Amino acid sequence: MGPEERKPDSRKRTYQTPEAKIAAVTDRQREYMEQEQFHRRKVAICRIMLLVLLLAVWELGAGLGIIDDFIFSSPSRVLVCFWNMVRDGSLVRHVGITLFETLISFALVVVTGIGMAVLLWSSRSASEILEPYLVMLNSLPKSALAPMLIVWLGNHIHTIVVAAMSVAVFGSILTLHNGFSGMDPDKIKLIYSLGGTKKDVLAKVLLPGSLPLIISNMKVNIGLCLVGVIIGEFLAASQGLGYLIIYGSQVFSCDHVL
């Protein structure tokens, strides 16, 4: 077989310039981003449509008498009640009070949680002694503890703040302490080998390395503090969202409750 009759080698690959490779990668990235944007838009539209469908079924059921609108209310009645409370300023006042109590309890939980977790990390004996008590306190039903707080502290804002703290603070201490205890031991050994102290470990390794854990814990605590404030306002308040919920249930006004 002559040289002119030889078949081309199929293993040879066509050479691509760097500009062509960059263009191909850019096209694939653009296609991927378009797919992701389409998926996000689809999810957002489906969420809105599902909400509209549920509200429409609820409103239609109340309008046709399929469900009792005195017990279950309806979206239109809730909206009218909401607007009336906004106009007379009562809703803004009660929301502001609940928000104020939630922020105070949240700040105290963050400070107390980090401080206690650091103390338990710095003392192995204290950690081993107090850990079962913290687990027990964290497992207590806080709604059952709230009436005792009223007896101990009285019927005012301090009771509500303490009730909110009791919901979140013990779990926060345990979570942060476990995170501190699981810190990379090699980094700690490095600080000590360079002549550092426990304060250096705390300032340069422990707190900076635990920042994602602290932020994640704060995200959980803000919701728990709101739950605790509502529980406290159920029992020891004359204003706030918890008070509005109890008042609405006592006068059988589901519009207010919803």
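Please refer to the structure placed before this passage.
Since the structure is predicted, the reported quantities are computational estimates derived from the model, not experimental observations. Residue positions are given per chain, counting from 1 as you read along its sequence in written order. Per-residue local features of the predicted model are confined to residues with pLDDT of at least 70, and side-chain atom pairs are confined, for both listing and counting, to 80 or more; whole-chain, interface and lining totals are unaffected and use all residues. For side-chain calculations, the full set of non-hydrogen atoms in the structure is used, while hydrogens and water are omitted.

**Q** Just give me the short version of the pattern of salt bridges, but keep the residues and values in it.
**A** By definition, a salt bridge exists where a carboxyl oxygen of Asp or Glu is found within 4 Å of a side-chain nitrogen of Lys or Arg. If you walk through the whole model with that rule in mind, you get two salt bridges. The partner of R77 in a salt bridge is D255, with the nearest N and O atoms 3.1 Å apart. A residue pair is termed long-range when its members are at least 10 positions apart, and R77 in helix 3 (residues 75-87) and D255 in helix 12 (residues 254-257) qualify at 178 residues. Whether a residue is buried, partly exposed or exposed follows from its accessible area with a 1.4 Å probe, protein chains only, as a fraction of its type maximum: under 20%, in between, or over 50%, in that order. By relative accessible area, R77 is classed as partly exposed at 31%. The helix count covers DSSP runs of H or I at least four residues long, the strand count covers runs of E at least two residues long, and both are numbered beginning at the N terminus.

**Q** If you had to explain the environment of L224 to someone new, which residues and values would you point to?
**A** Looking at the secondary structure, you find L224 in helix 10 (residues 211-235). Put simply, L224 and L174 are 50 residues apart on the chain and 15 Å apart in space, counted from C-alpha to C-alpha. For L224, the contacting residues outside a window of four places in its chain are V167 and A168. What makes two residues a contact is simply this: any of their non-hydrogen atoms within 4.5 Å.

**Q** Give me the lowdown on the packing of helix 10 against helix 11 (residues 241-250), citing residues and values where you can.
**A** Working convention: axes come from line fits to C-alpha atoms, limited for helices to the stretch in contact. Angles between N-to-C directions cover 0 to 180 degrees. It is at 7 Å that the axes of helix 10 and helix 11 come closest, and there the two elements cross at 50°. By the angle class used here, helix 10 and helix 11 are oblique. The hand of the helix 10/helix 11 crossing is right-handed. The residues of helix 11 that touch helix 10, namely those facing I230, E233 and F234, are L241, G242, Y243, I245 and I246. Note that Gly is not counted as nonpolar here; it falls among the polar residues with everything else outside the nonpolar set of Ala, Val, Leu, Ile, Met, Phe, Trp, Tyr, Cys and Pro and the charged set of Asp, Glu, Lys and Arg. Taken together, the residues of the contact of helix 10 with helix 11 break down into six nonpolar, one polar and one charged. Put simply, angles under 35 degrees are roughly parallel, angles over 145 are roughly antiparallel, angles from 65 to 115 are roughly perpendicular, and the rest are oblique. In this scheme, a crossing is called left-handed if the near helix is turned counterclockwise away from the far one by less than a right angle; it is called right-handed if the turn is clockwise.

**Q** Give a description of helix 6 (residues 142-153) that names residues and reports values.
**A** The span one expects for a helix is its residue count, reduced by one, times 1.5 Å. In a regular helix each residue adds 1.5 Å, so twelve residues correspond to 16 Å; helix 6 covers 15 Å between its end C-alpha atoms and thus fits that length. In this structure, the buried residues of helix 6 make contact with helix 5 (124-139), helix 7 (157-181) and helix 10. A positive backbone phi angle near 95° is found at G154, which sits one or two residues after helix 6.

**Q** Can you tell me about the state of the cysteines, naming the residues and giving the values?
**A** Note on terminology: pairs of cysteine sulfur atoms within 2.5 Å are recorded as disulfides. Considering all chains together, one arrives at zero disulfides under this definition. Unpaired in this structure, C81 has its nearest cysteine sulfur neighbour in C254, at a distance of 11 Å. For C81, a relative accessible area of 11% puts it in the buried group.

**Q** Please provide a residue-by-residue account of unusual backbone geometry, values included.
**A** Positive phi outside glycine occurs at S73, with the angle close to 60°. Among the structural elements, S73 can be located in the loop between helix 2 (69-72) and helix 3. What makes S73 buried here is its relative accessible area of 0%. Positive phi, normally seen in glycine, also occurs at F252, with a value near 55°. Considering the arrangement of structural elements, one finds F252 in the loop between helix 11 and helix 12. Note on F252: relative accessible area 60%, which makes it exposed.

Functional significance is not addressed by these values, which are geometric in nature.
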